[in-house]
Amino acid sequence: MTTDKTTLGRRSFLKAALLAGGGMILHFNWPGAGAMASEPGPVADAIIELNSYIKIYPNGDVLLFNPNPEFGQNVKTSLPMILAEELDVAWEKVTVEQADFFPERYGRQFTGGSQSVRQAWPVLRTAGATARQMLIIAASEKWAVPLSEIHTEAGVIFHKKSDQKITYGEIASQAAQVPLPKDVKLKDVVDFKIIGSSKQNVELDNIVTGKPLFTSDYKQEGMLIAMIVHPPAFGQEITAFDDTAVRQMPGIKDVFLIEPLAKDYTRNYFDTMSFGSLAVVVGTSTWEVMQAKKKLQLELQTASKRKNKDTLQLESTAGHYADMDRYAKIPGEVKRKDGDPDAAFKNAARIIERTYTAPFLVHNTMEPVSCFAHVTADLAELYAPIQAPEVITTTLVARLGLPKEKIKIKLARMGGGFGLRAYGHHLVEAAVISQKLNAPVKLMYTREDEATYGIYRPTYSATYRAALDNNNQLIGFHVKAGGIPESPLHENRFPAGAVNHYLAESWAVDSDITIGAFRAPRSNFMASAEQSFLDELAVEMKKDPIDFRLELLKRAKERPVGQRNDYDASRYAGVLQLLKEKASLLKKPDGTGRGIAAYFCHNTYAAALVDIGVKNNEPYVVQAIASVDCGIVVNQDAAVNMAEGAVIDGIGNALYGEQLFADGVPQKSNFNTYRIIRMSECPKHIEVHFVQNQENPTGMGEPVFPPMFGAVANALFHHTGKRYYNQPFMKQYLAHGTQG
């Protein structure tokens with residue numbers, strides 16, 4: 001990668017200004033963290049212009065306001081590292097603060113899609129480099145020396161010939177008066193000192209010492225506590241309630257119904273509300289309200305919204321799988337067709353066909369949903385964990401009848417996101433409650449509320465077929481994928497482009513159950529099904545699983561089929577080659593099975609390996625490797641932490657994750673019934689390796705997650721000799737032992 005030059009215009013930097021007491025502030029555009037879709041497209045399509053600013057104080061300190069919400073992916077450390085690198089300031093001089101939602105300055109503020117670092121990269125580099133150039137110009141004018149003779153290091157400007165030096169803080173006021181440079185030279189990657197290193201989380205002390213960071217910590221004088229009661233079943237609505245017992249309980253102030261969204265309101269992408277009306281219990285303390293809501297008696301009616309159902313029968317897991325089985329056997333909507341797949345399968349010497357399924361999943365964030373709201377006739381103030389504040393502001397404007405400038409959102413740190421907090425139902429509910437009461441309110445969800453409210457990962461099914469010729473070579477490939485209520489298909493992903501005759505079909509079944517983005521949406525299932533099937537093909541074709549994938553990728557690179565393949569075959573092969581290299585150095589423990597998988601999503605390539613053994617008659621992952629090509633790694637610690645978390649999260653969901661339904665009622669509402677991976681079940685050894693290149697950074701929060709499902713499934717086969725087609729795999733293992 002060669003040294004870049006960036007041309008700045010009025011839209012890149014709004015102004016340079018003096019701070020009170022001296023110093024310099026730069027306002028600049030900030031990119032959005034992703035398009036309003038679960039799988040963002042190219043940068044040019046996904047960028048959302050935002051404004052933020054750098055402050056350089058007289059003492060040389062640098063402050064960055066971070067507009068992107070933080071939920072543990074550590075952007076509050078990684079983003080200022082980019083700025084500090086190009087600014088050429090000592091890392092110890094850089095601090096960062098979370099910006100409130102401020103659309104007039106920042107525009108659209110969104111965290112999701114593994115996009116934060118990727119889209120901040122060019123803008124923050126430009127911001128840092130421009131500030132540095134202005135400082136150099138100011139020093140050049142002060143000393144009357146050529147710019148070419150000046151250099152910077154760790155926040156100090158030097159002119160060696162005259163043996164002069166000055167700190168950034170000392171020259172910042174003069175620099176603020178310098179006209180904005182038109183051409184700014186960015187550092188060469190080989191000169192990076194901060195980017196690529198490991199820096200401690202800037203909020204670590206606050207987290208460890210329990211400083212108030214989350215909405216559940218927030219308090220205000222006169223604040224009431226509110227909790228919702230929703231219908232027990234999807235497809236039901238509340239018509240009335242009996243609150244006689246509730247109103248007699250201590251601390252209870254009010255009980256009423258709300259409609260979070262008006263009936264004639266046109267919903268946007270993230271306006272996911274599971275039920276048309278909700279019962280609300282309000283009181284003075286969390287405990288009192290929790291006890292009172294249990295006594296509320298609801299009157300309900302069936303109100304199914306399913307479009308392709310003739311009856312009002314409420315949904316069940318058994319019915320879901322029957323529907324998916326039926327749709328898997330009939331033609332779907334053709335999304336891609338290369339060559340003549342019908343002829344390939346008709347003339348095949350052998351056809352291999354397998355179907356894979358996965359259940360609904362609950363997000364299970366560490367912090368259940370909550371929101372503080374104080375709505376008056378003139379102003380709505382909210383303190384909330386939200387990934388997409390601008391999107392929900394539009395909803396609040398419509399629901400509250402207040403103009404946008406009268407809605408103020410302070411962005412709380414999120415205790416986990418995984419896609420759930422892209423949906424701002426909790427903000428709308430809290431605001432409507434506060435407006436009705438004309439009082440400050442903190443809305444609190446219990447774990448049970450959140451687990452039964454919806455916005456789940458959908459349930460999916462995918463059927464794969466492969467046509468083999470007389471030489472046992474792959475000549476045709478067919479995938480038909482669907483789900484309830486959406487399809488997970490990515491028709492242009494590998495192995496599309498690597499097989500002459502290829503067919504991809506899609507289908508979906510409508511549902512009353514609300515769904516939403518779940519870490520690596522759709523990819524988390526398709527990676528499992530696709531990589532399980534490719535592994536089975538490799539065994540049937542008597543090929544090494546990694547070598548088989550590399551053969552297909554070589555074909556996709558040298559003689560690609562079709563024009564819409566959305567992956568780079570060379571980079572895809574690179575993570576597999578790195579995994580193979582690292583696997584050769586990691587001894588497989590006796591009595592274990594080794595499985596591998598690889599996948600491309602969110603602009604990043606990831607491969608995974610797990611070794612599975614059995615303990616106490618249950619399979620468990622002994623050790624794991626992840627290899628990743630995410631371009632330049634900004635913060636090694638943060639990237640490794642995200643990958644390790646994805647490894648554990650993937651293993652846990654693959655083995656245990658499952659939400660079930662009976663007559664529309666979710667059957668699992670807390671961790672006593674909804675199984676998640678435990679500390680003692682996590683791999684004792686996890687390695688994370690990065691492909692070394694100079695590509696611009698891509699995402700890390702999601703891409704390592706999907707291949708873990710396939711690696712677990714394949715390791716189970718290589719340990720037991722039987723295939724596991726239905727998640728969660730632990731349930732299938734316990735039901736059938738080693739019979740798959």
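Per chain, residue numbering runs from 1 following the sequence as it is written. Predicted model: local features are reported for residues with pLDDT of at least 70 only, side-chain atom pairs are reported and counted for 80 or more only, and whole-chain, interface and lining totals are derived from all residues. Side-chain numbers come from the whole structure's heavy atoms, not from hydrogens or water.

Enquirer: Please give an account of the sheet that holds strand β17 (residues 350-358) that cites residues and values.
Expert: One open sheet accounts for 5 strands, arranged β16-β24-β23-β22-β17; its pairing is mixed. Single-partner strands in this sheet number two, and they are β16 (333-338) and β17. Sheet twist, expressed as the mean angle between neighbouring strand axes with direction ignored, is 10 degrees. Any two strands between which DSSP finds at least two bridges are classified as paired. By definition, any uninterrupted DSSP run of H or I lasting at least four residues is a helix, any uninterrupted run of E lasting at least two residues is a strand, and each is numbered from the N terminus. As paired strands, β17 and strand β22 (residues 459-468) are joined by 9 bridges and run antiparallel to one another. Looking at the pairing, T357 lines up with S461 of β22. Contacts: residue pairs with any heavy atoms within 4.5 Å of one another. For helices, the axis comes from a line fit to the C-alpha atoms of the stretch in contact; other axes are also lines fit to C-alpha atoms, and the angle between any two N-to-C directions lies between 0 and 180 degrees. Strands in contact with helix α9 (residues 317-328) are β17, β22, β23 (474-484) and β24 (501-508); relative to β23, the strand with the most contacts, it is inclined by about 145 degrees. Strands β17, β22 and β23 of the sheet are contacted by helix α14 (residues 523-540), whose axis makes an angle of about 150 degrees with β17.

Enquirer: For the nonpolar core, give the residues involved together with the corresponding values.
Expert: Nonpolar side chains tend toward joint burial in soluble globular proteins. As used here, the term nonpolar core means buried Ala, Val, Leu, Ile, Met, Phe, Trp, Tyr and Cys residues forming a set that is joined through side-chain atoms within 4.5 Å. Only protein chains enter the area calculation, which uses a 1.4 Å probe; residues under 20% of their type maximum are buried, those over 50% are exposed, and those in between are partly exposed. If you look at the biggest cluster of nonpolar residues, it comprises 158 residues, and the most contacted ones within it are L382, L474, L537, Y567 and V712. By residue number, the principal contributor to this core is helix α17 (residues 636-656), which donates 9 residues. If we ignore the near neighbours within four places in the chain, the residues touching V712 are V610, I612, V621, I651, A654, L655 and F729. Counting residues in each nonpolar core, the second largest holds 42 residues, with V62, A127, V145 and V634 among its members.

Enquirer: Report on the environment of I475, specifying residues and quantitative values.
Expert: With respect to the secondary-structure elements, I475 resides in strand β23. Here I475 falls in the partly exposed class, since its relative accessible area comes to 23%. Between the alpha carbons of I475 and E367 there is a distance of 49 Å; along the sequence they are 108 residues apart.

Enquirer: Talk me through unusual backbone geometry; I want residue IDs and the actual numbers.
Expert: For the peptide bond that leads from F494 to P495, omega is 10 degrees, which places it in the cis range. Among the structural elements, P495 can be located in the loop between β23 and β24. Along the chain, Q727 connects to P728 via a cis peptide bond; the corresponding omega equals 0 degrees. Residues other than glycine seldom take positive phi values, yet F418 does so here, at roughly 55 degrees. Position of F418 among the secondary structure elements: in the loop between β20 (407-411) and α12 (425-437). Here the phi dihedral of N617 falls at roughly 65 degrees; this positive angle occurs in a residue that is not glycine.

Enquirer: If you had to explain empty space enclosed by the protein to someone new, which residues and values would you point to?
Expert: Sizing a probe to match a water molecule and rolling it over the atoms shows the empty space that remains. Using only the protein atoms, space was sampled on a 1 Å grid; points where a 1.4 Å probe fits but cannot get out form cavities, open sets with protein on both sides within 12 Å along at least five of seven lines form pockets, and lining residues are those with an atom within 4 Å of a point. Grid points are joined across faces, edges and corners, and a volume is the space filled by probe spheres set on the points. For the structure on display, the rule yields 6 cavities of 30 Å³ or more. Here the largest cavity is characterised by a volume of approximately 70 Å³. Taken together, Y464, F477, V479, L489, H490, R493, F494, P495, Y502, M526, E530 and Y599 make up the full set of residues lining the largest cavity. Of all elements in the fold, only β23 and α14 reach the threshold of two or more residues within the lining of the largest cavity. Any residue outside Ala, Val, Leu, Ile, Met, Phe, Trp, Tyr, Cys, Pro, Asp, Glu, Lys and Arg is labelled polar, Gly included; the first ten of those are nonpolar and the last four are charged. Broken down by class, the residue content of the lining of the largest cavity amounts to 9 nonpolar, 1 polar and 2 charged.

Enquirer: If you had to explain the packing of helix α2 (residues 75-87) against helix α4 (residues 116-143) to someone new, which residues and values would you point to?
Expert: In contact at an axis separation of 7 Å, α2 and α4 are set at 35 degrees when each is read in the N-to-C sense. As for how α2 packs across α4, the hand of that crossing is right-handed. The residues of α4 that touch α2, namely those facing V75, S78, L79, I82, L83, E86 and L87, are S116, V117, A120, W121, L124, R125, A127, G128, A129, A131, R132 and L135. A clockwise turn of the near helix away from the far one marks a right-handed crossing, whereas an anticlockwise turn of less than a right angle marks a left-handed crossing.

Enquirer: Any chance you could break down the packing of aromatic side chains for me, citing the residues and the numbers?
Expert: Under the pairing criterion, centres of Phe, Tyr and Trp rings, with the six-membered ring standing for Trp, must be within 6.5 Å; the plane angle then separates stacked pairs below 30 degrees from edge-to-face pairs above 60, leaving the rest tilted. Taken as a whole, this structure holds 29 aromatic pairs when the rule is applied. Taken together, the ring pairs in this structure connect F234, F275, F360, Y445, Y453, Y456 and F661 into an aromatic cluster. The rule is short: NZ of Lys or CZ of Arg within 6 Å of the ring centre and within 35 degrees of the ring normal puts a charge over the ring. One Lys or Arg, K436, reaches over the ring of F256 and ends 5.1 Å from the middle of that ring. Sitting over the face of the ring of Y620, K615 holds its NZ or CZ atom 4.5 Å from the ring centroid.

Enquirer: Summarise the packing of α17 against helix α19 (residues 729-736); cite the residues concerned and give the values.
Expert: The N-to-C vectors of α17 and α19 enclose an angle of 40 degrees; their axes lie 4 Å apart at closest approach. Between α17 and α19, the interaxial angle falls into the category oblique. Facing α17, whose interface residues are A654, L655 and Y656, α19 presents F729, M730 and K731. Looking at the contact of α17 with α19 residue by residue, the classes come out as 5 nonpolar, no polar and 1 charged. Angles are sorted into four bins: roughly parallel if under 35 degrees, roughly antiparallel if over 145, roughly perpendicular if 65 to 115, and oblique for all others.

Enquirer: Tell me about the environment of F548, and please be specific about residues and values.
Expert: You can see F548 is positioned in helix α15 (residues 545-558). For the pair F548 and A538, spaced 10 residues apart in sequence, the C-alpha separation works out to 6.1 Å. F548 has contacts with L474, L534, L537, A538, M541 and K543, leaving out every residue within four places of it along the chain.

Enquirer: Tell me about α17, residues and numbers included.
Expert: Residue count minus one, scaled by 1.5 Å, sets the expected span of a helix. Over its 21 residues, α17 runs 30 Å from end to end, which matches the ideal 30 Å to within 8%, given 1.5 Å per residue. Pairing of N or O atoms within 3.5 Å defines a polar contact, subject to two protein rules: one partner must be a possible hydrogen donor and the other a possible acceptor, and residues neighboring in sequence count only if both atoms are side-chain atoms. For α17, the capping residue at the N-terminal end is N635, with a side-chain oxygen 3.3 Å from the backbone nitrogen of D637.

Enquirer: Please set out the layout of surface pockets residue by residue, giving values where relevant.
Expert: Taken as a whole, the second largest pocket spans an internal volume of roughly 650 Å³. Contributing to the lining of the second largest pocket are 25 residues, with P485, S511, I513, T514 and I515 lying nearest its centre.

Enquirer: Let's hear about the environment of N670: which residues, and what values?
Expert: Note that N670 resides in the loop between β29 (665-666) and β30 (685-690). Counting along the chain gives 218 residues from N670 to T452, while the straight-line C-alpha distance between them is 9.2 Å. If we ignore the near neighbours within four places in the chain, the residues touching N670 are R447 and E448.

Enquirer: Describe the sheet that holds strand β26 (residues 604-615), with residues and values.
Expert: Taken in spatial order, the 4 strands of this open sheet run β25-β26-β27-β30, and their pairing is mixed. At either margin of the open sheet sits one strand with a lone partner, and together these are β25 (593-601) and β30. Taken pair by pair, the neighbouring strands of this sheet meet at an average axis angle of 20 degrees, ignoring direction. Note that strand β27 (residues 618-629) and β30 share 6 bridges and pair parallel. Counted as the bridge partner of I625 is E687 from β30. Sheet strands in contact with α17 are β27 and β30, and its direction is about 125 degrees off that of β30.

Enquirer: Lay out α15 in plain terms, naming residues and giving numbers.
Expert: The terminal C-alpha atoms of α15 lie 20 Å apart, and with 14 residues this matches the ideal 20 Å at 1.5 Å per residue to within 8%. Looking only at α15, the buried set comprises P545, I546, F548, R549, L550, L552, L553, R555 and A556. Where the residues of α15 are buried, they touch β23, α14, α16 (569-585), β25 and α18 (705-720). The N-capping residue of α15, defined by a side-chain oxygen 3.0 Å from the backbone nitrogen of I546, is D544.

Enquirer: I'd like a rundown of the pairing of strand β19 (residues 380-384), residues and numbers included.
Expert: Within β19, 4 of the 5 residues are buried, which leaves it mostly tucked inside the rest of the structure. As judged from the 4 bridges shared by strand β18 (residues 370-375) and β19, these two strands associate in the antiparallel manner. Along β19, the bridge assignment pairs H374 with E381. Of the pairings in the sheet, the one linking β19 to β20 comprises 5 bridges and is parallel in character. Residue A380 lies in a different strand from β20, and its bridge partner there is I407.

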